[in-house]
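Each chain, letter by letter, is given below.
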Amino acid sequence: MEKKIGIIGSGVVAQTLGAGFLKYQYQVMLGTRDSSKLTEWQAGVGKGVQVGSFADTTAFGDIIVLAAKGTAAKSVLELAGAANLRGKTIIDAANPIADEPTDNGVLRYFTNLDRSLMEQLQAAFPDANFVKAFNSVGSAFMINPSFESKPTMFICGNNEEAKKEVTEILDLFGWETADFGNVESARAIEPLCMLWCIQGIAKNEWNHAFKLLKF
Ligand SMILES: NC(=O)c1ccc[n+]([C@@H]2O[C@H](COP(=O)([O-])OP(=O)(O)OC[C@H]3O[C@@H](n4cnc5c(N)ncnc54)[C@H](OP(=O)(O)O)[C@@H]3O)[C@@H](O)[C@H]2O)c1
């Protein structure tokens, strides 16, 4: 039977990844506090994708995607329920973007370089296996992007099996994976989103992705 993916979120990231997982025959549920936000999207993708509460969605998923606003990420996971997250891989696409305006075109974060959002979430939900991924590229390029060469997705997390699961998904979605270690590495991976957005905010250019070059 196909794997079940529970995506917490109703925004563009949740919708894009939801459509991507459907393309590869996963069973998909999106979680929101207000299912009417997804009525149009659900009708468009068809194929019986489900919509439910945050808790319904995390109970449904074998793998969970966290695609919620960074400032709400912890409370969203609390609503989802620690028991529904236990032992599961949580693909964490969230960025700790503060509500304050950008600083001369640079996003402001509510975290600092000694404590990332994913570390806070991993500490709050120690039985879940968080893997940072999809946070540092625009949603338009998350599924099978057509750059000249494969872009690199930087991932990190404490659980090797969970990172293997995410790497298999990234392979399907047309990404090269760079495993950059444990949860603390999110201190460096989360700010890649700041870097990614600078060109967009300054020049309205959003058509890039990162590539790691190696000998
Ligand atoms: N946009 C991109 O291209 C992009 C790319 C990479 C990473 N990201 C990151 O991915 C995450 C999702 O981004 P997005 O642009 O798709 O959507 P978003 O607008 O950042 O977040 C939408 C989701 O956050 C939830 N949310 C917002 N405030 C909440 C609150 N006070 N309490 C509970 N839930 C709340 C919403 O829940 P309801 O459905 O219940 O309203 C909704 O599901 C963000 O952390 C973002 O930084 C975005």
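These numbers come from a predicted model, not from an experiment. (Residues numbered from 1 in each chain as written. Predicted model: local features only at pLDDT ≥ 70, side-chain atom pairs only at ≥ 80, totals over all residues. Heavy atoms only, no water.)

Visitor: When you look at the site of the ligand in this model, what are you seeing that I'm missing?
Guide: If you check the shell around the ligand, you find 25 residues, and the closest are S10, T32, R33, K37 and A68. In the environment of the ligand, an oxygen atom lies 2.6 Å from a nitrogen or oxygen atom belonging to the side chain of S10. For the ligand, the protein covers 76% of the area, taking 880 Å² as the surface of the free molecule. Looking at the shell around the ligand residue by residue, the classes come out as 13 nonpolar, nine polar and three charged. (Near = heavy atom within 4 Å. Polar contact = N/O pair within 3.5 Å; in protein donor to acceptor, adjacent residues only side chain to side chain. Areas by Shrake-Rupley, 256 points an atom, 1.4 Å probe, with all protein chains shown as cover. Nonpolar A, V, L, I, M, F, W, Y, C, P; charged D, E, K, R; others polar.)

Visitor: Explanation requested: the pattern of salt bridges in the structure shown.
Guide: Opposite charge on two side chains lets them pair, provided their charged atoms get close. Scanning the entire structure with this criterion turns up 11 salt bridges. Here D99 and K69 are joined by a salt bridge, their closest N and O atoms 2.8 Å apart. Remark: K69 occurs in the loop between strand 4 (63-66) and helix 4 (73-80) and D99 occurs in the loop between strand 5 (89-92) and helix 6 (117-124); sequence separation between them is 30 residues. Pair check on accessibility: D99 and K69 agree, each one exposed. Close ionic contact of E190 with K132 constitutes a salt bridge, the shortest N to O distance being 2.8 Å. Separated by 58 residues along the polypeptide, E190 in the loop between helix 8 (186-189) and helix 9 (192-203) and K132 in strand 6 (residues 129-132) bring together distant segments of the chain. K132 gets classed as buried once you look at its relative accessible area, which sits at 0%. A single salt-bridge network, built from bridges that share partners, covers D92, K132 and E190. (Salt bridge = Lys/Arg side-chain N within 4 Å of Asp/Glu carboxyl O. Helix = DSSP H or I, 4+ residues; strand = E, 2+ residues; numbered from the N terminus. Buried < 20%, exposed > 50% of the residue type's maximum accessible area, 1.4 Å probe, protein only.)

Visitor: Explanation requested: helix 1 (residues 12-23) in the structure shown.
Guide: An α-helical turn contains 3.6 residues, so any two residues separated by three or four positions project in the same direction. The terminal C-alpha atoms of helix 1 lie 16 Å apart, and with 12 residues this matches the ideal 16 Å at 1.5 Å per residue to within 8%. The complete set of buried residues in helix 1 reads A14, L17, G18, G20, F21 and L22. On its buried face, helix 1 sits against strand 1 (4-8), strand 2 (27-31), helix 2 (39-45), strand 4, strand 5 and helix 7 (160-172). (Expected span 1.5 Å × (residues − 1). Contact = heavy atoms within 4.5 Å.)

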